[in-house]
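Chain residues, written in single-letter form:
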Amino acid sequence: MLNKNSINCRILLFLVMIIYPISGFIYYNRAVEISQNIIDERIFISFLMLLMVALSYFWKKIEENLYIITEFLLFFVLLHILFVAYQNFFIESYTFSFLLALLIINFMFIPDKVNKILNIAFIFLVTILLMFSSLNIYNKLLYTLSVILVSFGSIFINKYRFEAILDLKLSQNKYESLFKSMNSGFAYMKVIYNRKNEAIDLKFIEMNQAFQEILGRPADLLINKNISEVFANAVEFDSDWIEKFGEIALTEEEIRFESYSETFERWFQIYAYSPRPEYCAIILNDITERKLREEKMKHYSFHDHLTGLYNRAFLEEELHRLDTERQLPLSVIMGDVNGLKLVNDTFGHNEGDQLLKKVANVIKDSLRDEDIVGRWGGDEFLVILPLTTAVMTEKVMQRIKNNCKNIIEEQIPLSIALGRATLKSSENSIDQVMKLADENMYINKSENSKQFTKKIADVLLNRLEKFSAETREHTENVKEMAIKLGKKIDLDQQELAKLALTATLHDVGIINISGEILNKSGRLSLSEWEQIKSHPEVGYRIVRSMEEFTSIASYILHHHEHWNGQGYPDQLAGEEIPLLSRIIAIADAYDVMLSGRPYQEKLTQAEAKAELKKFAGKQFDPKLVKYFLDILK
């Protein structure tokens, strides 16, 4: 969009350009005072005005400074008028003195209103003097018109100059205010070059507060100082910055870049430009936090958030990248963490996450630097071993297993099922190798399932004994009495084995209840009692997590159901309750009555038998109570 001042200046120049030579021709034709040289001078002045108007449309610097150019050209016109007056008819007239005063006033920095009044006053005086001069009427009118035109033009130009000066001062004030308050660091510097025109140093000329804070030094220690003085021969300062700024100061091009400063251990976004040759201005923004976020996002795009290992997306890319002839033999190891679901169900997902982290660290510490390990799925890990034979892979697997055994866990043994496969020829695919490794892993998991399940059962019982009133003695008592009752009613060996396992794990769900509640000596509150009543369901979930024990899960779930349907958790009644659950209910209640609990005093054998008879048909299966009392005789 065109500047209003520029438009007015063009109009003014155009008017003077037309009128001034025309008036000269009229003088030439009507009066003897005007010579051909003066006409040529006027035409030249008009040509200059026309040239400036034309250039202002194509050259931005001309357009931006047109008011100054117009002022200069009008000054030139007024000088020319005075010169002609001096040569001809004003030499002995006061008119010359008034015109000279008009010239001086128009180009002094005086207030706008005063300038207008004085201009108009002098125009009036000059006009009066011309009217009483001896010139003919044409010369008087045309000369007066020229003076009026130039004078009013000067009024406008002075007005624009005054506005420009005011705008400049406002801009400077705004700049200074912005310069001081801007959050970005700003510095204006002179580039020092050697004889080869290579930038070797920078001198600080000006800077704002933010820049001082970035450098950690006040302005009085920086202004007019070279970087080599401030930063120990520029060794501490980033040398590539000096090189870039030096190039900008020579080429006067702008540049934007991001750079990490070893000096300040921060990331900066830098915009640099050259306002004049051999000088450079830079604006610095500290983007360290943004860079850290970006690095974090980049890290998590290829890494598992929990374990810190590579994620599946990255592993798939690596498998594709390494699936080449020069990487053969290429081996993979698939690993599956044993007991993760059990840990999650028993101790909570936080403990499960800790287990995954420990397994991840064990695997990572068991590998070579060139090996790649990542989390393949929920409880699965994948190890990629380039240029590794099957024999070497077997050794890596054994090292992982040994390191797992060396980890002492308080709650659950650290165990991982492993399977391997090796791609020996490009005729086979990496997908086939992955499938084979997965199959071998599940074979390994099945082979060690029973042994691992037994370890888990021991861990659970140890924890149960540690945090509650439940003891191994109680578990063994319930198991012994349940087996006797099972034999009494002629259960087969398979059912007796299930009964023994159920008796062993019947109260495993208690491990998720706080010790404060389990060992509370006073009466339990309603909410505390609800937590106690939740243990069959918790035990059910725990047992269901162990493949070897899934067949007894429903017996554990229902061992607190009552014959009359008023038990928990599902209010089953009569023979809806599984037989093994009814057996455990009697054996468990009898031993608890004999041994007592913090919230319940222990009873004698006679008292306990009386309680069983009392609740037969209500809480307990009446037939099983009869058989149970028989075996106690």
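Here's what I pulled together on the structure shown here. This structure is a prediction, so every number in the text was calculated from the model and none was measured.

A tally of helices and strands in the protein chain yields 26 helices and nine strands. Out of the 633 residues belonging to the protein chain, those deemed buried represent 45%. For the protein chain, the share of sequence-separated contacts (at least 6 apart) that also reach a separation of at least 24 residues comes to 62%.

Turning next to the nonpolar core. Generally speaking, soluble globular proteins have nonpolar side chains that are buried together. In terms of nonpolar packing, the biggest core is built from 74 residues, with I363, F381 and L612 touching the most fellow members. Take this core: its biggest share by element is eight residues, from helix α24 (residues 579-595). When neighbours within four sequence positions are excluded, L612 is seen to be in contact with I586, Y590, M593, F620, V625, F628 and L629. Core analysis: the second largest hydrophobic core is formed by 27 residues, I214, L215, L222 and I270 among them.

This brings us to the sheet that holds strand β9 (residues 416-423). If you walk across this open sheet you meet the four strands as β7-β8-β6-β9, and the pairing is antiparallel. Edge positions in the sheet fall to β7 (372-375) and β9, since each of these pairs with one other strand and no more. Neighbour to neighbour, the strand axes of the sheet diverge by 15° on average, direction disregarded. By the bridge criterion, six bridges tie strand β6 (residues 330-337) to strand β8 (residues 380-385) in an arrangement that is antiparallel. Its bridge partner lying in β8, I333 is registered against V383. Running at roughly 15° to β8, helix α14 (residues 349-365) makes contact with β6, β7, β8 and β9 of the sheet.

Let us look at the side chain of D371. For D371, the location among the structural elements is in the loop between α14 and β7. Accessibility expressed as a relative area gives 9% for D371, which makes it buried. Reaching out from D371, the side chain makes a polar contact with the side chain of R368 at a distance of 2.6 Å. Apart from the residues within four sequence positions on either side, D371 is in contact with I384, L385 and P386.

Another point: α24. The first and last C-alpha atoms of α24 sit 25 Å apart over 17 residues, in line with the 24 Å expected at 1.5 Å per residue. Backbone geometry just downstream of α24 places G596 in the positive-phi region, at approximately 80°.

Procedures and definitions
Residues numbered from 1 in each chain as written. Predicted model: local features only at pLDDT ≥ 70, side-chain atom pairs only at ≥ 80, totals over all residues. Heavy atoms only, no water. Helix = DSSP H or I, 4+ residues; strand = E, 2+ residues; numbered from the N terminus. Buried < 20%, exposed > 50% of the residue type's maximum accessible area, 1.4 Å probe, protein only. Contact = heavy atoms within 4.5 Å. Core = buried A, V, L, I, M, F, W, Y, C linked by side-chain atoms within 4.5 Å. Pairing = 2+ DSSP bridges. Axes fitted to C-alpha atoms, helices over the stretch in contact; angles between N-to-C directions. Polar contact = N/O pair within 3.5 Å; in protein donor to acceptor, adjacent residues only side chain to side chain. Expected span 1.5 Å × (residues − 1).

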